[in-house]
Each structure stands twice: as C-alpha cells, then as structure tokens.
Amino acid sequence: MFVVESAIGPLGVSVLGDTVVGVHFGARPGPAGSHPAADQLVAYFAGELTEFTVPVEARGGSEFERAVWAEIAKIPYGEMVTYGSIATALGDPGAARAVGTACNHNPIPVIVPCHRVVGAGGKMVGFGGGLDRKRKLLELEARVALTRSWG
C-alpha cells in the first residue's frame, strides 16, 4: 500500500501489480507510490483528469454489491445519480437502501465514484468517507466540468 496526499486527506492505495484493489480514506502517512494510480489520483485532484484508466478489481462483495459497483463505475464525471435510479437499473426499484449499503462497501472509492450517488432529489446523504469528503469531491467535479464546458 502507498499513500497519495489529496484535497480530502491522505488516501491509502492498495495494488496488486498494475491493478488497484483498494482505496482507503484517512490513511496514515506512509510511502508515496510510483504507480499509475498515484499519478492519476494526483491529476484527478488537480482537475486535470476526468476518467481513470488504471485497472481495478473490486474483491469481495456479494453479487448485488458487485452489480452496484459496476453501475457506479458508469456514472460520468461531474454527474450524479440517485440510489433509487441505480436500484431501478438493476431491476429492483425498491432496493435504494441496499444500493446505499453497497456504496458504503465500495472498496475502491474515488476511482469507482460512489460519491456521485445521491439521495432522492439530489439530497446529500451517506458516504463511507463522510459527507464533507463527498461534498468536496462533487464540488471539484462540478467546478472542473463547468470550466471545461465554458472554455
């Protein structure tokens, strides 16, 4: 594991070879990484990267959780979707709370962008890294998306 300093605090990044298998909030200071994931996270927080290309592997989780993580990975940069819309996309419109639980178990936050999932009506609810981190991530993406669209 190596540590990437970010606008939301230190992130511990676990890799197996080239593949990211975990991102952890609030990592203790440790060695910086010389890895494409470190470079991409630094570029993301600098507003220079809007799509991660490092390979990821979400280990563990139930079949439902893995399906939720796959849906989350499809959410475009700077956009948000609701827990309910993910539940509906997975064929169970009543599973919004289960989607929230799956988001909380996402082993690769930021890269697999569970921060882009919000409550009904865009309400800011739940995030394994805390609502302050979620807000900062969403604000970063909104600012970058607006700057890019307005030139």
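Residues numbered from 1 in each chain as written. Predicted model: local features only at pLDDT ≥ 70, side-chain atom pairs only at ≥ 80, totals over all residues. Heavy atoms only, no water.

Novice: Any details on the overall build of the protein chain? Residues and values, ideally.
Specialist: In terms of regular secondary structure, the protein chain is built from five helices and five strands. The order of α-helices and β-strands along the protein chain, N terminus first, is β-β-β-α-α-β-α-α-β-α. Over its C-alpha atoms the protein chain spans a radius of gyration of 15 Å, differing by no more than 12% from the 15 Å that the globule rule assigns to 151 residues. Overall, the C-alpha framework of the protein chain stretches about 45 × 40 × 25 Å when taken along its three principal axes. Long-range pairs, those at least 24 residues apart, make up 60% of the contacts in the protein chain with a sequence separation of at least 6. Accessible area of the protein chain: about 7800 Å², with a carbon and sulfur share of 54%. Charge centroids of the protein chain, computed over 13 positive and 14 negative side chains, lie 7 Å from each other. (Helix = DSSP H or I, 4+ residues; strand = E, 2+ residues; numbered from the N terminus. Rg over C-alpha atoms; globule rule 2.2 N^0.38 Å. Contact = heavy atoms within 4.5 Å. Areas by Shrake-Rupley, 256 points an atom, 1.4 Å probe, with all protein chains shown as cover. Lys, Arg positive; Asp, Glu negative; His and termini not counted. Charge placed at Lys NZ, Arg CZ, Asp CG, Glu CD.)

Novice: Describe in detail helix H5 (residues 131-150), supporting the description with residues and values.
Specialist: In this model H5 runs 28 Å from its N-terminal to its C-terminal C-alpha over 20 residues, within 8% of the 28 Å that 1.5 Å per residue would give. Of the positions making up H5, those classed as buried are Lys134, Leu137, Leu138, Leu140, Glu141 and Val144. All buried residues of H5 fall inside an arc of 155° around its axis, so they share one side. Of the residues in H5, the exposed ones pointing more than 90 degrees away from the buried face are Arg143, Thr147 and Trp150. Considering only its buried residues, H5 is in contact with helix H1 (36-45), helix H3 (83-89) and strand E5 (117-118). (Expected span 1.5 Å × (residues − 1). Buried < 20%, exposed > 50% of the residue type's maximum accessible area, 1.4 Å probe, protein only. Arc of directions from axis to C-beta.)

Novice: Outline the nonpolar core, listing residues and values.
Specialist: Nonpolar side chains tend toward joint burial in soluble globular proteins. Grouped together as the largest cluster of nonpolar side chains are 38 residues, with contacts concentrated most on Leu41, Tyr44, Phe45 and Ile72. Looking at which element gives the most residues to this core, the answer is H1, with six residues. When neighbours within four sequence positions are excluded, phenylalanine 45 is seen to be in contact with Ser6, Ala7, Ile8, Leu11, Val110, Leu137 and Leu140. (Core = buried A, V, L, I, M, F, W, Y, C linked by side-chain atoms within 4.5 Å.)

Novice: Got a sec to walk through the pairing of strand E2 (residues 11-16)? Specific residues and values, please.
Specialist: Put simply, side chains in a regular strand alternate between the two faces of the sheet. Of the strand pairs in this sheet, strand E1 (residues 2-4) and E2 are connected by three bridges, and their pairing is antiparallel. Within the sheet, the bridge partner assigned to valine 3 lies in E2 and is glycine 12. Two successive antiparallel strands, E1 and E2, enclose a turn made up of six residues, where glycine 9 displays a positive phi of approximately 100°. Hairpin connection from E2 to strand E3 (residues 19-25): two residues lie between these consecutive antiparallel strands, with glycine 17 at a positive phi of about 65°. (Pairing = 2+ DSSP bridges.)

Novice: Help me get a handle on the side chain of glutamine 40, residues and values and all.
Specialist: Mapping glutamine 40 onto the fold places it in helix H1. Within polar-contact distance, the side chain of glutamine 40 engages the side chain of threonine 53 at 2.7 Å. Side-chain polar atoms of glutamine 40 contact the backbone nitrogen of valine 54, separated by 3.4 Å. Filtering out sequence-adjacent residues up to four positions away, glutamine 40 remains in contact with Leu49, Phe52, Thr53 and Val54. (Polar contact = N/O pair within 3.5 Å; in protein donor to acceptor, adjacent residues only side chain to side chain.)

Novice: An account of the packing of aromatic side chains is needed here, citing residue identities and associated values.
Specialist: Any aromatic ring pair is given by two values, namely how distant the centres are and how the planes are angled relative to each other. Inspection of the entire model under this criterion finds four aromatic pairs. A centroid spacing of 6.2 Å and a plane angle of 85° characterise the contact between tyrosine 44 and tyrosine 77, whose relative ring orientation is edge-to-face. One end of the pair, tyrosine 44, is in helix H1; the other, tyrosine 77, is in the loop between helix H2 (63-73) and strand E4 (81-82), with 33 residues separating them in the sequence. Each member of the pair, tyrosine 44 together with tyrosine 77, is buried. In textbook terms, an aromatic cluster arises when at least three aromatic residues are bridged by ring pairs, as seen for Tyr44, Phe45, Phe52 and Tyr77. (Phe/Tyr/Trp six-rings, centres within 6.5 Å; stacked < 30°, edge-to-face > 60°.)

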